[in-house]
Amino acid sequence: MLENSNLVIYGADAENKVVSNHINLWEEIDAYIAISTNDDKLLDLISKKIYDALIWKLIGVDTYTELSECLDAINTQLQGYSESGYEIKSLNVIVWIQEKNILYFSKIGKASALLIKPNSEVIEITDVKEEPGNFIYISNGNISSWEVLLFSSTRILNHLTNTELLESAALDSIDEQNKNISEIVSEENIWKDIAIISFKYIHEKEESSENLLAKAWSFANSWVEKLGDTLLAKKLIAILYKLRDLFKIPKNISKNTFLFFGIFCAFIILYSVSSSLFNTTDTIVVEDFENQLIEAREYVKHGAENISNPDVFTADLKKAEDLIDGIKDKQLFLWDIEKLLTDINALRKQFNQVDVYSFTEEKNVLTRTTEPVKMVSLWWKVYIVEKDKIVWPVVSGIEPGSYDFDFSDEGDAFVDALELNNTIILLTEKNRIVSFASWGNFSYVSVVGQEKWQEMSKIWKYRTNLYTLWWNEESSQIYRHRKLTNNFNAWEAYLKEADQTDIGKTLAMAIDGGFYILKDDLKMIKFYSNPYRIESLFLNELPANYNYDERSPVYLITRPDLSYIYLYMNKKIWIFEPNTQNYINTKSLKYIWQIEWWEDSISSFYVKTDGNIFVSNSSWVYKLEFQVSDDKLIVQ
């Protein structure tokens, strides 16, 4: 059972105003708030914001995480109030969450919290340093039976001594304690209003004094037996026996006396050692941990201020991460560590111009899929190509059907696809071409003038022609197949032999009138067949994470109707802008942004129009809309 009592001590001609409140959020979760500020309007605004945040964000699943999200939202609001001219510096707040006998609390400014152990000691459990304008740390711990917690909108130890607090806490009820505190503080003729909330935790199943005494005696006997069996106790007893022989003390007197004296000494030594260890740990937590965290935060702040200087930015974030690695295993101030790592990750995303999009089943979900290979459009409708089937329709709220294909070659599978002349053309792993008509009919497509289809890694189309790309580790080649009525003509090789070797291994290709070719070294070239020429393209403003994982597929998407070049690499979407919309004069590509999936990885995507794309993972297809403004991608 938790006894609690609210107290407001009014000072003479006080300029500040205070508010304290209790909110029962769930059956076993309560929130308590104490606020003080000189700004009346700010008091009203921030109290409402805190109440709303607690009510909507604390849902009783993971209190620590939910409180951290709540405080994060309040910090954001406080920053806005500060920019609007409110007196943030005068704000003192303490927010306390009680879940059974577990406590979580955080504070702003001069607010403080005390733990009063009955007939023992008073411990200030909040940092003495002021934290103006922001919740920074979340503290948490358990409260034991009969312990008293006192939260205040100011540092209450400026007005009360330890002795006065211990005497107050020893009174019968928490209301009597607060009354006594009020009388003591009021005698000082204070000049401000103070809000105080006090708590005393009493276990509902308090046992009788006889039972407690029996348990205490049993516990003591157990400790005596354990200590008597330790090496330290045995050594002390052996020394005492030697002293007995030296002074010729009778055995019947010395036996029990030496035994208990030895155990008593061992107990004292063990207690001293353990106390020393615990005190050392507390010192490390309070001083070293906090100082390292503050230092890491300063590195992050300095890195953010120098985001345009790659060397300084990278070095600062690395130093911050090294400091965090050294302290996060202590399991204290977990929210602060998580928040700092989140800030570091966000800065790196900003540095690399990355938009991390969070997809949910409620947001723009279109259809279910399992193993997407490619998405293509036929008659303005999107189809999903999987390894052995085509799934359609991609429409919100409609369960799609599937068209399965029976491969003639065992172990074959679809690896690429495109739309050509109102049919879907599919490339298989074993270098076969398959066509699919919108009414659900599959058929193999032959090639005229050559024995069989050549080896192919990717396929593309331009106008009515089919283009295939082949590469190995040393060279690449582009083939064109002209469309016939029901099949394709024999290949025409495009690249000259010397250029095949110069280009080397190719990762991806796309056509907008010229051929964009992404090489194995991630350099981009553009090839033109008429007149024949190859241009090296400058890639401007590339991010630090421009690299690729060989285990992940790579492909390019562009068309004459698109203004951007879309690259699928490392399961992300990279967006580049050509220096001109006239494909003949392309000289460079400027990196604009990249899109990645927060919960999962992107397995495929299809660009319907610039700013309107379909994105899939291994389970769902989503619709993503965005616009580019001032070289920044804005997800809508």
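Our subject is the structure that appears above.
First things first, this report covers the structure right here in the doc.

The rules behind these values
Residues numbered from 1 in each chain as written. Predicted model: local features only at pLDDT ≥ 70, side-chain atom pairs only at ≥ 80, totals over all residues. Heavy atoms only, no water. Pairing = 2+ DSSP bridges. Helix = DSSP H or I, 4+ residues; strand = E, 2+ residues; numbered from the N terminus. Salt bridge = Lys/Arg side-chain N within 4 Å of Asp/Glu carboxyl O. Buried < 20%, exposed > 50% of the residue type's maximum accessible area, 1.4 Å probe, protein only. Axes fitted to C-alpha atoms, helices over the stretch in contact; angles between N-to-C directions.

**Here we look at the pairing of strand β38 (residues 632-635)**
- As defined by bridge partners, strand β37 (residues 620-629) adjoins β38 across four bridges and the pair is classed as antiparallel. Directly across from Phe626, in β38, lies its bridge partner Val635.
- Linking two consecutive strands that pair antiparallel, namely β37 and β38, is a turn of two residues; a positive phi of about 55° is found at Asp630 within it.

**What about the pattern of salt bridges?**
- Counting across every chain of the model gives 19 salt bridges.
- Salt-bridge contacts for Arg480 lead to Glu492; the nearest nitrogen and oxygen are separated by 3.0 Å. On the criterion of sequence distance, the pair formed by Arg480 in strand β24 (residues 476-481) and Glu492 in strand β26 (residues 492-493) is long-range, its members being 12 residues apart.
- Relative accessible area serves as the criterion here: at 12%, Arg480 is assigned to the buried category.
- The partly exposed category is assigned to Glu492, whose relative accessible area is 30%.
- A salt bridge links Lys623 to Glu625, with the nearest nitrogen and oxygen atoms 3.6 Å apart.
- When its relative accessible area of 27% is taken as the criterion, Lys623 is described as partly exposed.
- When salt bridges that share partners are traced, they join Glu386, Asp388 and Lys389 into one network.

**Some words on the sheet that holds strand β20 (residues 442-445)**
- Judged by pairing direction, the sheet is antiparallel, and its four strands sit side by side in the order β17-β18-β19-β20 without closing on themselves. Strands with a single pairing partner mark the edges of an open sheet, and in this sheet they are β17 (414-420) and β20. In this sheet, adjacent strand axes meet at a mean angle of 30° when their direction is disregarded.
- With six bridges connecting them, β17 and strand β18 (residues 423-428) associate as antiparallel partners. Of the residues in β18, the one forming a bridge with Asp416 is Leu427.

Keep in mind these numbers describe shape, not what the thing actually does.
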